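Single-letter residue listing:
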Amino acid sequence: MTDARDKGLTLNPKYDDHGLITAVVTDVDSGEVLMVAHMNAQALALTVETGLAHFWSRSRQALWKKGETSGNMLAVRDIRIDCDQDAVWVKAVPAGPTCHTGARSCFFRRVGRDGLSLVD
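All values derive from a computational prediction rather than experimental measurement.

### Here's the deal with the packing of aromatic side chains
Considering all chains together, one arrives at one aromatic pair under this definition. Between F55 and W64, the aromatic rings sit 5.3 Å apart at their centres with planes inclined by 45°, giving tilted as the arrangement.

### A word on the pairing of strand β3 (residues 54–57)
The alternating pattern of β3 places H54 and W56 and F55 and S57 on opposite faces, both of which are buried. Pairing of β3 with strand β4 (residues 62–65) involves four bridges; the strand directions are antiparallel. In the sheet register, F55 faces β4, and the bridge partner there is W64. In this structure, the hairpin formed by β3 and β4 is closed by a connection of four residues, where Q61 is found at a positive phi of approximately 55°.

### Overview of a nonpolar patch on the surface
Nonpolar side chains collect at one region of the surface, where V33, V36 and F107 lie side by side and expose about 240 Å² of accessible area between them. Looking at where F107 falls in the secondary structure, it is placed in the loop between β6 (87–94) and β7 (109–112). On the basis of relative accessibility, which here comes to 45%, the residue F107 falls in the partly exposed class.

### Quick look at the UniProt feature "binding site: Zn(2+)" (unreviewed entry) in the protein chain
Taking the UniProt record as the reference, the feature "binding site: Zn(2+)" (unreviewed entry) is found at C83, C99 and C106. The greatest C-alpha distance among the annotated residues, which extend across 24 residues, is 27.8 Å, indicating that they are dispersed rather than converging on a single site. Checking the named residues against the largest pocket, the ones that line it are C99 and C106. Take C83: it is sitting in the loop between β5 (74–81) and β6. Excluding residues that lie within four positions of it along the chain, C83 makes contacts with R5 and D6. In this structure, C99 sits in the loop between β6 and β7. In contact with C99, other than residues within four places in its own chain, are R104, S105, C106 and F108.

Reading the values: rules and limits
Residues numbered from 1 in each chain as written. Predicted model: local features only at pLDDT ≥ 70, side-chain atom pairs only at ≥ 80, totals over all residues. Heavy atoms only, no water. Phe/Tyr/Trp six-rings, centres within 6.5 Å; stacked < 30°, edge-to-face > 60°. Buried < 20%, exposed > 50% of the residue type's maximum accessible area, 1.4 Å probe, protein only. Helix = DSSP H or I, 4+ residues; strand = E, 2+ residues; numbered from the N terminus. Pairing = 2+ DSSP bridges. Patch = residues over 30% accessible without salt bridge, like charges linked within 9 Å, V, L, I, M, F, W, Y side chains within 5 Å. Areas by Shrake-Rupley, 256 points an atom, 1.4 Å probe, with all protein chains shown as cover. Salt bridge = Lys/Arg side-chain N within 4 Å of Asp/Glu carboxyl O. UniProt positions renumbered as here; feature names shortened; annotations may be inferred. 1 Å grid on protein atoms, 1.4 Å probe; cavity = no way out; pocket = protein on both sides within 12 Å on 5 of 7 lines; lining within 4 Å. Contact = heavy atoms within 4.5 Å.

Written as structure tokens, this is what we have:
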């Protein structure tokens, strides 16, 4: 653990083979997990510069600003990076539902012994 990336204060994201890092987004006030997505270097830079969450869509192979079409943007209040800099935690204020299904969070179902159930 002598790697400067692990302990230092220089931003040096460790992107995967596809040029991506995982981004976990939570509500800045409640701490609720809203979504998990991926960022490339451009998405991370735009998020830092604009204060609005940007991601890389693996399915569309395109950069996207969260809420660009729906209006449900994520106003970023804090971004943290994990110890080996391969994942970021984005604390944000959601302008509306975060999930494409219209749910507040993408994690609206619970896994149990009898299958899935809706979270209150």
